[in-house]
Amino acid sequence: MHSREWPDSRAPALTTSGRGVRDVLKKRLKNYYKKQKLKEPSDSDAYYDYICVIDFEATCEEGNAPEYIHEIIEFPIVLVNTRTLEIEDTFQRYVRPEVNTQLSQFCINLTGITQELVDKADPFHLVLQSAVEWMREKELGTKFKYAILTDGSWDMSKFFNMQCHLSRLRFPQFAKKWINIRKCYGNFYKVPRNQTKLTMMLEQLGMIYDGRLHCGLDDSKNIARIAIRMLQDGCELRVNERLHSGQLMTVSSSLPFEGAPVPHIMELKN
C-alpha cells in the first residue's frame, strides 16, 4: 500500500511513443544473451537465486494526518525464482493492529481487509516470526542467495521500520537492504520517476493488473510479474537502497551482488 499515491486519478497519464516501443524491443534483443546467462545454474554465485517481493498493507485514514501511525495489517511475500523466472511460492498473513485497533472505513474500502480479519489475526511479532520461519524453510540465506524487492522505499523504510518500533522489535538484518523496483525500472527503461507507479509500469510493459488493487498479496504478485519481465529483458535487478541508523540511503550499483543474511527471529527490546 502506498498512501502517498492516493487518489489514483492524480497520477499522470502514461503515453508510449513508437520510438519508445522500438527502444524496448532493441533492448530486449541486445540483452538476450545476458538473460540466458542469468538463467544458467553456473551463474548462481554471481546473482540472487531468489527475489522476495514484499508489499505491505497498513492502517490508514482518508487524508492521513502527518502524525498518523501506520500499522501493518497484511504481510505478503512472493518468492520469485530467478532461474526459472517464475513465481515459486507465496506467503500471506493478516496482522492485528494494536494502536489503531479499529480499521477506518476508508482503509477497509481501499484494501478489502475487514475488521473481522484483523481481529482474528496474530500481532505483528508473531506474524514476523511466521514469515522468518517460512523464509528459512526455503533455505534463503543458507543454500540460496536472495534479496528483498519492494515497490518504492516506503515498505521497509517507513511501514516496516515503524512497525518494528511499535512492536519493540530490533529491525531485522535481513530487511536492511532491498531492491526498489521503481528506481530499477526508471533507469532500465529510461522512464521518468513519476511514471513508475505499479499500474503504469504494467501498462508500459503491455500488461494489466491482475487481482484487487491494494490487496498486499495481489500487489506483490503484480510487482513480481514486472520483476520477471525485467529479468527477461536483461535487467540485473540489484539492491539499491538500505536503512542505516534509521535513515534511508542509496546503495551503489558498483558493489557486487550480495545476498541478504539468513532471516532470524528478532527478540523483543527491553
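- Named according to an unreviewed UniProt entry, the protein is Exonuclease domain-containing protein originating from Eleutherodactylus coqui.

**Regarding the pairing of strand E7 (residues 241-244)**
Then step 1. Of the two faces of E7, only the one carrying Glu 241 and Leu 243 is buried; Arg 242 and His 244 on the other face are not.
Then step 2. Relative to E7, strand E6 (residues 177-180) runs antiparallel, the two being bridged by two bridges. The residue of E7 that forms the bridge with Trp 178 is Glu 241.
Then step 3. Pairing between E7 and strand E8 (residues 247-250): four bridges, direction antiparallel. Residue pairing in the sheet places His 244 in a bridge with Gln 247 of E8.

**Considering the nonpolar core**
Then step 1. The biggest cluster of nonpolar side chains holds 36 residues, and the ones touching the most others in it are Leu 149, Ile 179, Ile 226, Met 230 and Leu 237.
Then step 2. Elements represented by at least two residues in this core include exactly strand E1 (50-53), strand E3 (72-81), strand E5 (146-150), helix H7 (181-189), helix H8 (198-204) and helix H9 (216-232).
Then step 3. Sequence-distant contacts of Ile 179, that is, excluding residues within four places in its chain, are made with Tyr 48, Ile 51, Ala 147, Ile 148, Leu 149, Thr 150, Cys 184, Leu 237, Arg 238, Val 239 and Asn 240.
Then step 4. Formed by 32 residues, the second largest nonpolar core is a distinct cluster that contains Cys 52, Val 95, Leu 128 and Phe 159.

**Structural notes on the side chain of Thr 82**
Then step 1. Within the element layout of this structure, Thr 82 appears in the loop between E3 and strand E4 (86-94).
Then step 2. When its relative accessible area of 1% is taken as the criterion, Thr 82 is described as buried.
Then step 3. From its side chain, Thr 82 meets the backbone oxygen of Tyr 48 in a polar contact 2.6 Å long.
Then step 4. At 3.1 Å, the side chain of Thr 82 and the backbone oxygen of Asp 49 are in polar contact.

**Some details on the environment of Val 95**
Then step 1. Looking at where Val 95 falls in the secondary structure, it is placed in the loop between E4 and helix H3 (105-111).
Then step 2. For Val 95, a relative accessible area of 1% translates into the label buried.
Then step 3. When the C-alpha atoms of Val 95 and Val 118 are compared, they prove to be 5.7 Å apart, with 23 residues separating the residues in sequence.
Then step 4. The residues touching Val 95, leaving out its near neighbours within four places in the chain, are Ile 72, Ile 73, Glu 74, Phe 75, Val 118, Ala 121, Asp 122, Pro 123, Phe 124 and Val 127.

**A look at the pairing of E5**
Then step 1. Among the five residues of E5, five are classified as buried, and the element is accordingly described as predominantly covered.
Then step 2. Burial of the side chains of E5 extends over both faces: Tyr 146, Ile 148 and Thr 150 are buried on one face and Ala 147 and Leu 149 on the other.
Then step 3. In this sheet, E5 lies alongside E1 in parallel orientation, the contact comprising four bridges. Directly across from Tyr 50, in E5, lies its bridge partner Tyr 146.
Then step 4. In the sheet, E5 pairs with E6 via two bridges, with the strands oriented parallel. Of the residues in E6, the one forming a bridge with Leu 149 is Ile 179.
Then step 5. Handedness of the E5-helix H6 (residues 154-166)-E6 crossover: right-handed.

**Side note on the environment of Phe 257**
Then step 1. Tracing the backbone shows Phe 257 in the segment after E8.
Then step 2. Residues Phe 257 and Val 239, 18 residues apart in the sequence, show an inter-C-alpha distance of 7.7 Å.
Then step 3. Ignoring any residue separated from it by four or fewer positions in sequence, one finds Phe 257 in contact with Ala 46, Tyr 47, Tyr 48, Lys 145, Glu 236, Leu 237 and Arg 238.

About the thresholds
Residues numbered from 1 in each chain as written. Predicted model: local features only at pLDDT ≥ 70, side-chain atom pairs only at ≥ 80, totals over all residues. Heavy atoms only, no water. Buried < 20%, exposed > 50% of the residue type's maximum accessible area, 1.4 Å probe, protein only. Helix = DSSP H or I, 4+ residues; strand = E, 2+ residues; numbered from the N terminus. Pairing = 2+ DSSP bridges. Core = buried A, V, L, I, M, F, W, Y, C linked by side-chain atoms within 4.5 Å. Contact = heavy atoms within 4.5 Å. Polar contact = N/O pair within 3.5 Å; in protein donor to acceptor, adjacent residues only side chain to side chain. Right-handed = clockwise from strand over helix to strand, strands pointing away.

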